[in-house]
Every structure is written in C-alpha cells, then in structure tokens.
Amino acid sequence: MKVFFSLLQEIQFGENENVSEEEKEKNDQGKADIKRCWAKYGLALLEFSRDRLLKATEEETEQDSDETEKEFEKFNLEVTSREEQITCKPLRDFEEARNVFLRVQTWINAAKEFYVFDGRCTDYVELVQDHSKAFKLLAFFELNLDRQCKMHKRRADMLLEVCNELNPQHYLLVVRQLTYELAEIYSGMMDIKYIILKEEGGQPSVHALKKINSLALQSIQKYQAYIDSFKDNKPDLPKDYPELDTRPILVAWFCIGRLYSKIFPLNVKERLDYIKKTEKCYQYLIDYCKGHEKAAECMRSELEVCKEMVALLPVKMEKIRQEAEA
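Residues numbered from 1 in each chain as written. Predicted model: local features only at pLDDT ≥ 70, side-chain atom pairs only at ≥ 80, totals over all residues. Heavy atoms only, no water.

Q: So what about the packing of helix H8 (residues 172-200) against helix H10 (residues 243-262)? Which residues, and what values?
A: Between H8 and H10, the least distance of the axes is 12 Å, while the angle of their chain directions is 30 degrees. With respect to their mutual orientation, H8 and H10 come out roughly parallel. Between H8 and H10 lies a crossing whose hand is left-handed. Residue-level inspection shows Tyr 180, Ser 187, Met 190, Asp 191 and Tyr 194 of H8 in contact with H10, the latter providing Pro 248, Val 251, Ala 252, Arg 258, Leu 259 and Lys 262. Of the residues in the contact of H8 with H10, the class split is seven nonpolar, one polar and three charged. (Axes fitted to C-alpha atoms, helices over the stretch in contact; angles between N-to-C directions. Helix = DSSP H or I, 4+ residues; strand = E, 2+ residues; numbered from the N terminus. Parallel < 35°, antiparallel > 145°, perpendicular 65-115°, else oblique. Left-handed = near helix turned anticlockwise from the far one by under 90°. Contact = heavy atoms within 4.5 Å. Nonpolar A, V, L, I, M, F, W, Y, C, P; charged D, E, K, R; others polar.)

Given below as structure tokens:
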C-alpha cells in the first residue's frame, strides 16, 4: 500500500512540474500501474462474487453477510474518486457485474496506452489475459446462452490475435498459456451450443451441427498444438513430461478424446473413425500413467474414466457396424 500511495503522490505532483522524459515515463508507468491495480481489484471482486453465488444457499445468515462485507473494505487512502467508480460489495446479478466489468475494461484499455505490444510485450499480454478473464467472469452472470457464447467468442478473438503475433521461440511459456486457454474457450463454447440444442429440441439444423463440429475441431487443434510444443523440435513427444506440466498435458489428451466423441459425424465410417481417435487418446493416457506413478496419482479421476471408456468403446463400435450392415 505504501508503494501504491507513493506512486499516487508522485503522479499528482509530477503533473504540475516540468519534468524530464525519464520522469514523464516513470509517471506514465505509475498511472498505468495504478489502473492495473484497480483492474485487478475489479477482477477479484467479480471472481469472489461468482464463487460466493456458486456456494450460496437459499438462506444466507446475517453472519455470512457481515463476513462478506469485510472481504472488500475500501482502500484506506485518499482515492475517493476511484472508489466511487466501483462497489466494494459482492455482486448479485448481471447488471451489477456488468458495471464492474465496464470499469475493469476501461482501466485495462487505459493501461494498454503505456504497456504497448511493441516494447512492453509481456505486460501487454497480461493485460489481454485480464481482459479475457473479465469477459469469462461476466459470462457467469449472463443467463442468455447466446450472449454467453458471444462473450467467449470475444475472449477467443483477443487471445488469438495476440497469440498469432508472438514468436513461440522467444515467448514459449506465454504461447502455451494462450493456446491452452483458447482450447478451453472453444470447448466451453461447444458445450454451450450443445445445451442450446437440447433446450430447443427437435431436429437440429445443419448450421448448428457444423458450428459444434467446428468448435470441437478448433479446440482439438489448440490442445494438440499445446501438446506438440513439448516436442522441443523433435518428431516425437518425450517419454517423460516435466513434472509441473504433466497434469495439464494429460488433461489435454483427455479433453481431445472427449471432443472427438462430441463431433457429429457425416456417416458411419466417420463415426467409427472419431470413436477410434477417442479410444487412442484415452489409451495414451492409460499407458503413460502405467509407467509414471505420480502421473497416475494426479490423474486419478480422469484415469478411471479412461479405463471404463476403453473397455466400452470396442463394444460400441461393433454395435455400430452391425447396425450399419443390417
């Protein structure tokens, strides 16, 4: 907090003096950093409110309410004008969440004026990721599934734009983060489209089915790109993954298997091909865990699902073949 207040004082005094270019840059950075702090506060408030609503019961006690208020007390600094722009209370609905989102978006865009892509790339990417997170949290409060999907589409567009501009050799870890998040976004959008189909009932349109297939394939492509980034310019994947990356990589394999099972096939052959690809992904996870005890431990729940599915899928494929021949 002392650093925050010191920056605020420097900026306030600096604006009234003739300053050098170096001092001006320092002041501009201070302004951008303060905006980032407020954006982080807004994101934390959105996230806290989301988690609170997820855990909330129908009857909330007075004690719960009091404890919640204390979680987001206002800053004990002379920044009243900022405080008035955003609440310190938990958010209850979309309108309240949207108001916070708009403030967060404004602060992020203002910070981008200093933290530009060319020259301050890492900070710029972090701001884009925060912007994506803001849309993700806002989508939780949106009840309309179509609008939810559009928010996630905005996330995908902004992350894809910056990811395509990064050199994987120089920003490998960042590219991996963005690629994985894109895979999750496309998969989430596909799930929303599935829910919409179920709610609408009846015969789904060709357009709706193509959209689901497209999102599934986009997600698969991003998960596969994430996995392939560990090849280290070699033709094959390593026999042993880095310990900290093992779970994300194996989860990616698991998700790819699931995604292939969600694609609507054009014919029986295509349906069988997708089932085989699902089986291959699940079997890969099983085989890796056989030789890596720690991997089996961290993938316990997914591993059980894979074992069940690998046992069932051949039976399912045989049934499909018999039905096609009948």
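Q: Please provide a residue-by-residue account of a nonpolar patch on the surface, values included.
A: A contiguous nonpolar patch, built from Leu 53, Leu 54 and Phe 140 and spanning about 250 Å² of accessible area, is present on the exposed surface. Tracing the chain through its elements places Leu 54 in helix H2 (residues 21-55). Accessibility expressed as a relative area gives 58% for Leu 54, which makes it exposed. (Patch = residues over 30% accessible without salt bridge, like charges linked within 9 Å, V, L, I, M, F, W, Y side chains within 5 Å. Areas by Shrake-Rupley, 256 points an atom, 1.4 Å probe, with all protein chains shown as cover. Salt bridge = Lys/Arg side-chain N within 4 Å of Asp/Glu carboxyl O. Buried < 20%, exposed > 50% of the residue type's maximum accessible area, 1.4 Å probe, protein only.)

Q: Tell me about the side chain of Arg 176, and name the residues and values.
A: Among the structural elements, Arg 176 can be located in helix H8. There is no salt bridge for the buried Arg 176, and the closest opposite charge comes from Asp 245, which lies 4.7 Å off by N-O distance. Ignoring anything within four residues of it in the chain, the contact list for Arg 176 reads Tyr 226, Ser 229 and Phe 230. (Lys, Arg positive; Asp, Glu negative; His and termini not counted.)

Q: Explain the nonpolar core to me, using residue names and the numbers behind them.
A: Core analysis: the biggest nonpolar cluster contains 90 residues, and Leu 178, Tyr 223, Leu 250 and Leu 285 have the highest contact counts within it. The element that contributes the greatest number of residues to this core is H8, accounting for 13 residues. Contact partners of Leu 250, with chain neighbours within four places excluded, come to Tyr 241, Tyr 284, Leu 285, Tyr 288, Cys 289, Ala 295 and Met 299. (Core = buried A, V, L, I, M, F, W, Y, C linked by side-chain atoms within 4.5 Å.)

Q: Summarise the confidence of the model for the protein chain; cite the residues concerned and give the values.
A: Taken over all residues, the pLDDT of the protein chain has a mean of 88, while the share at 70 or more is 86%. Per-residue pLDDT stays below 50 along residues 1-6; that stretch engages in eight contacts with residues further than four places along the chain or on separate chains. Note on residues 61-70: pLDDT under 50 across the span, and four contacts to partners over four residues away in sequence or across chains. (pLDDT = per-residue confidence, 0-100.)

Q: So what's going on with the packing of H10 against helix H11 (residues 268-290)? Which residues, and what values?
A: The contact between H10 and H11 brings their axes to 7 Å, and the two run at 160 degrees. Between H10 and H11, the angle falls in the class roughly antiparallel. Where H10 crosses over H11, the handedness of that crossing is left-handed. Touching Thr 246, Leu 250, Trp 253, Phe 254, Ile 256, Gly 257, Arg 258, Tyr 260 and Ser 261 of H10 are Tyr 274, Lys 277, Thr 278, Cys 281, Tyr 282, Tyr 284, Leu 285, Tyr 288 and Cys 289, all from H11. For the contact of H10 with H11, the per-class residue count stands at twelve nonpolar, four polar and two charged.

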